[in-house]
Amino acid sequence: MTLKLFNSLSRSKEDFVPLHKNEVGLYTCGPTVYGAPHIGNMRTYFFEDILKRTLLANNYKIKHVMNITDVGHLTSDADEGEDKMEKGARREGKSVWEIAEEYTKMFQRNLQELNILEPNIWCKATDHIKEQIELIQKLQDKGYAYQISDGIYFDTSKFRDYGKIARLDIQGQKEGARVEANLEKRNSTDFALWKFSHTNGRSFDSAQDDATKRRQMEWPSPWGVGFPGWHIECSAMSLKYLGDAYDPNGIFYGERSRTIDIHCGGIDHLPVHHPNEIAQSEAATGQSFVKYWLHGEFMVIDEKRMGKSEDNFITLDSLKEKNITPLAYRYFCLGTHYRKPLNFSWEALLGSAKALLNLQNKVATISKAGKINTSFEQRFMEAMNDDLNTPQALAIMWELLKEEEQDAVKKQTLFKFDEILGLGLKNIKPLAVPKEITNLVKEREQARQEKNWGKADSLRQQILEQGFAVDDTEFGPVVKSK
Ligand code: AMP
Ligand code: ZN
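Residues numbered from 1 in each chain as written. Chains lettered and ligands numbered in written order. Predicted model: local features only at pLDDT ≥ 70, side-chain atom pairs only at ≥ 80, totals over all residues. Heavy atoms only, no water.

A.B. asks: Mind showing me how you'd approach the sheet that holds strand E14 (residues 342–343) here?
C.D. replies: Think of a sheet as strands paired side by side through backbone hydrogen bonds, with each pair either parallel or antiparallel. Pairing in this open sheet of three strands is mixed, and the strands run E13-E12-E14 from one edge to the other. Unpaired on one side and paired on the other, strand E13 (304–305) and E14 mark the two borders of the sheet. The pairing of strand E12 (residues 299–301) with E13 spans two bridges and is antiparallel. Residue pairing in the sheet places Val 300 in a bridge with Arg 305 of E13. (Pairing = 2+ DSSP bridges. Helix = DSSP H or I, 4+ residues; strand = E, 2+ residues; numbered from the N terminus.)

Written out as structure tokens, the structure reads:
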């Protein structure tokens, strides 16, 4: 069975063929750790997890690298404004290093709670300043970089295919350039590779106002003290860990192709961050950077993107306060294809929580697992291999539960599905239901079908008195402990 993935480069579904026979190199753009992650962010990491689990189910080995952006991401993607990290630290009266650690930990805890598989390699931008400087130097040697008063910039007009992935209208961008854009830049699409500390990373006179406010994060470089631009970290780190052959401890064992199998991120990276990564990497190596680019759509709330800097953001912890588990949120995300916007509503989320509970209850009532129903497995994998069609995969799962099939087979097949769905079904302890309770439940079901409500109620009462409860679900009665 072939795995098909929608490649943003060709804007079409393509057969997935890895560059190296066995191992797939996967790079996913990580969080900027200046604040608590929200459930919108987590949707992107959830989609990447589904991709990873589907690759695993197709028997690929994966080397997954995720970065942590702890420097250089400015409040505007156009390299203007303040460093989000420095701003976040001021807001909280802490050091940048403290907030970086705090929010990295929170992010990693959120991943765990959502049953998202950990990357093989975590890499922080601040731990890779040397690699970033080396890459900038390479770009300068090859004539792609130039210096202006606030830093070193990449000249996008020198890179032939700049913006191709996003079908950017470069001419239109030039004409429509904003008045306040950095006038020293040669092209409006040029972006910072290195920013100078003496202007606090800013251009123009307004920077002088801030010149006394020393940055907390800065490093020496061949061009002066400063800090890397946001985009260069992803090129430097993905090439380091995936472009060359490094083992997970970072030990170099030889160069191979500089092309990486898959690179992912949220859809907001399509117009700026990813074209810039491509330009830097391909200009430096002379080789194609990434074979498959995948982008996940946004989570939206009242037709607006959920964002860290908006007032509409909801965290995983705030869901827990409402007794909604992180896995219920995971289930909620499964219901919409990753390339479609996901509308958040409490009602829909509660519906997912309920559906997951029904599923968990059902699993708990089946004591033993049997064989896998291979025709359902085949259909499930066909859905997943069709560009990660999770809504269809979920529908197939519910269909199985309603099927005339042995419970033990259903359970084993569910376990197989859950290797991709990641709902933690294997952790559910089977409930030992005594035979007499099972008989009472059957009797009650019979009474319900005969519309003998009085009898059904009194049987429910008897079941309750013996420490069990019964839920009437889509696929019949489910017993749970009271
Ligand atoms: P940030 O920490 O802001 O750099 O964002 C981390 C990741 O979350 C990026 O890959 C974004 O594309 C993604 N992201 C941000 N907002 C949303 C959203 N509302 N829905 C889905 N993904 C998002
Ligand atoms: Zn990136």
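A.B. asks: I would appreciate a short explanation of the side chain of His 128 in the present structure.
C.D. replies: Within the secondary structure, His 128 sits in the loop between strand E5 (121–124) and helix H4 (129–141). Take His 128: its relative accessible area is 5%, and that puts it in the buried class. Side-chain polar atoms of His 128 contact the side chain of Tyr 241, separated by 2.7 Å. Excluding residues that lie within four positions of it along the chain, His 128 makes contacts with Cys 123, Met 237, Lys 240 and Tyr 241. (Buried < 20%, exposed > 50% of the residue type's maximum accessible area, 1.4 Å probe, protein only. Polar contact = N/O pair within 3.5 Å; in protein donor to acceptor, adjacent residues only side chain to side chain. Contact = heavy atoms within 4.5 Å.)

A.B. asks: I'm lost on the coordination of the zinc ion (ligand 2) in this one. Help?
C.D. replies: Coordination angles at a metal have ideal targets, namely 109.5 degrees for four tetrahedral donors and 90 or 180 degrees for six octahedral donors. At 2.1 to 2.4 Å from the zinc ion (ligand 2) lie its protein donor atoms, namely Cys 29 (SG), Cys 234 (SG), His 273 (NE2) and Glu 277 (OE). What the four donor atoms of the zinc ion (ligand 2) show is an angle range of 78 to 129 degrees at the metal, which sorts the shape as irregular. Expressed as a motif, the donor residue spacing for the zinc ion (ligand 2) is C-x204-C-x38-H-x3-E. Taken together, the residues span about one helical turn, with His 273 and Glu 277 both in helix H8 (residues 273–285) at a distance of four residues. Of the two residues, His 273 and Glu 277, both sit in the buried class. (Donors = N, O, S within 2.8 Å, 3.2 Å for Na, K, Ca; no water. Tetrahedral: all angles 85-135°; square planar, octahedral: opposite > 155°, others 65-115°.)

A.B. asks: Teacher, can you tell me more about the packing of aromatic side chains here?
C.D. replies: The relative placement of two aromatic rings is captured by the distance of their centres and the angle of their planes. Enumeration over the complete set of coordinates arrives at 14 aromatic pairs. Plain terms: the ring middles of Phe 16 and Tyr 292 are 5.0 Å apart, the flat faces sit at 50 degrees to each other, and that makes the pair tilted. Of this pair, Phe 16 sits in the loop between strand E2 (12–15) and strand E3 (23–28) while Tyr 292 sits in strand E11 (residues 290–296), and the two are 276 residues apart along the sequence. When sorted by exposure, Phe 16 lands in the same class as Tyr 292, which is buried. In textbook terms, an aromatic cluster arises when at least three aromatic residues are bridged by ring pairs, as seen for Tyr 329, Phe 332, Phe 344 and Trp 346. Sitting above the plane of the Phe 376 ring, Arg 379 keeps its charged end 5.3 Å from the centroid. (Phe/Tyr/Trp six-rings, centres within 6.5 Å; stacked < 30°, edge-to-face > 60°. Lys NZ or Arg CZ within 6 Å of the ring centre and 35° of its normal.)

A.B. asks: Hey, could you run me through the site of ligand 1 in this one?
C.D. replies: As a matter of local geometry, ligand 1 sits amid 16 residues, with Thr 44, Asp 268, Met 299, Met 306 and Lys 308 nearest to it. Arg 305 places a polar side-chain atom, nitrogen or oxygen, 3.3 Å from a nitrogen atom of ligand 1. One nitrogen or oxygen atom from the main chain of Met 306 is found 2.7 Å from a nitrogen atom belonging to ligand 1. Summarising the interface, the protein chains cover 97% of the accessible area of ligand 1, which totals 490 Å² for the free molecule. Among the detected pockets, ligand 1 sits in the largest pocket. A per-element tally of the shell around ligand 1 places helix H1 (residues 39–57) first, with four residues. Residue composition of the shell around ligand 1, grouped by class: five nonpolar, seven polar and four charged. (Near = heavy atom within 4 Å. Areas by Shrake-Rupley, 256 points an atom, 1.4 Å probe, with all protein chains shown as cover. 1 Å grid on protein atoms, 1.4 Å probe; cavity = no way out; pocket = protein on both sides within 12 Å on 5 of 7 lines; lining within 4 Å. Sits in = over half its atoms within 2 Å of the grid points. Nonpolar A, V, L, I, M, F, W, Y, C, P; charged D, E, K, R; others polar.)

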